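One-letter residues, chain by chain:
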Amino acid sequence: METEFLQMSKARKLEIENPIIAAGYRQKINGFNDKNELNLFLAQEPKEEYSPELEF
């Protein structure tokens, strides 16, 4: 079951790396006064870098 979830999460990550798909998802986000407010929020969001290795 863990392998199945790992494959699903990997597929989703690859999917949202496509700029067209990512833009479609952003259009569905609600709670902002306008699209410019969402874009400003996303521009200010810190970019996290993760190591490909998990530390246990």
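Refer to the structure above for everything that follows.
Throughout, a residue's number is its position along its own chain's written sequence, starting from 1. The model is predicted, so local features are restricted to residues of pLDDT at least 70 and side-chain atom pairs to those at 80 or more, both for listing and for counting; the totals for chains, interfaces and linings are taken over all residues. With hydrogens and water stripped out, all remaining heavy atoms of the structure feed into the side-chain values.

Trainee: Help me out: how do you make sense of the packing of helix α1 (residues 2-16) against helix α2 (residues 19-27) in this one?
Mentor: A pair of packed helices can be characterised by two numbers: the angle between their axes and the separation between those axes. Two elements in contact, α1 and α2, have axes whose closest approach is 6 Å; the angle formed by their N-to-C orientations is 95°. In terms of orientation, α1 lies roughly perpendicular with respect to α2. Along the contact surface, α1 presents R12, E15 and I16, while α2 presents I21, A22 and Y25. Charged residues are taken to be Asp, Glu, Lys and Arg, nonpolar residues to be Ala, Val, Leu, Ile, Met, Phe, Trp, Tyr, Cys and Pro, and polar residues to be all remaining types, Gly included. Its residues assigned to classes, the contact of α1 with α2 shows 4 nonpolar, no polar and 2 charged. Orientation is described by lines fitted to C-alpha atoms, with helices fitted over the stretch in contact, and by angles between N-to-C directions that extend from 0 to 180 degrees. Put simply, DSSP marks the helices as runs of H or I at least four residues long and the strands as runs of E at least two long, and each gets a number from the N terminus on. Comment on the angle field: the value is read as roughly parallel under 35 degrees, roughly antiparallel over 145, roughly perpendicular from 65 to 115, and oblique elsewhere. A contact between two residues is defined here by any heavy atoms of the two lying within 4.5 Å.

Trainee: Can you help me understand the pattern of salt bridges in this one?
Mentor: Pairing between side chains of opposite charge can happen when their charged atoms approach one another. Note on definitions: salt bridges are taken to be side-chain nitrogens of Lys or Arg within 4 Å of carboxyl oxygens of Asp or Glu. Enumeration according to the criterion identifies 2 salt bridges in this entry. A salt bridge links R12 to E15; its shortest N-O distance comes to 2.9 Å. Here R12 and its partner E15 are both found in helix α1, 3 residues apart, which amounts to about one turn of the helix. Residue K13 is joined to E17 by a salt bridge in which the shortest nitrogen-to-oxygen separation is 2.4 Å.

Trainee: Just checking my understanding: could you explain the packing of aromatic side chains for this structure?
Mentor: Any two aromatic rings considered together are summarised by their centre-to-centre distance and by the angle between their planes. A pair of aromatic rings is counted whenever rings of Phe, Tyr or Trp (Trp by its six-membered ring) have centres within 6.5 Å, and the orientation is called stacked for planes under 30 degrees apart, edge-to-face for over 60 and tilted otherwise. All told, the structure shown has 1 aromatic pair when counted by the stated rule. Taken together, a centroid distance of 5.6 Å and an interplanar angle of 45° make the contact between F32 and F41 tilted. Among the residues examined, F32 registers a relative accessible area of 29% and is labelled partly exposed. To sort residues, take the accessible area from a 1.4 Å probe on protein chains only and compare it with the maximum for the residue type: under 20% means buried, over 50% means exposed, and anything in between is partly exposed.

None of the figures reported here should be taken as evidence of function without further support.
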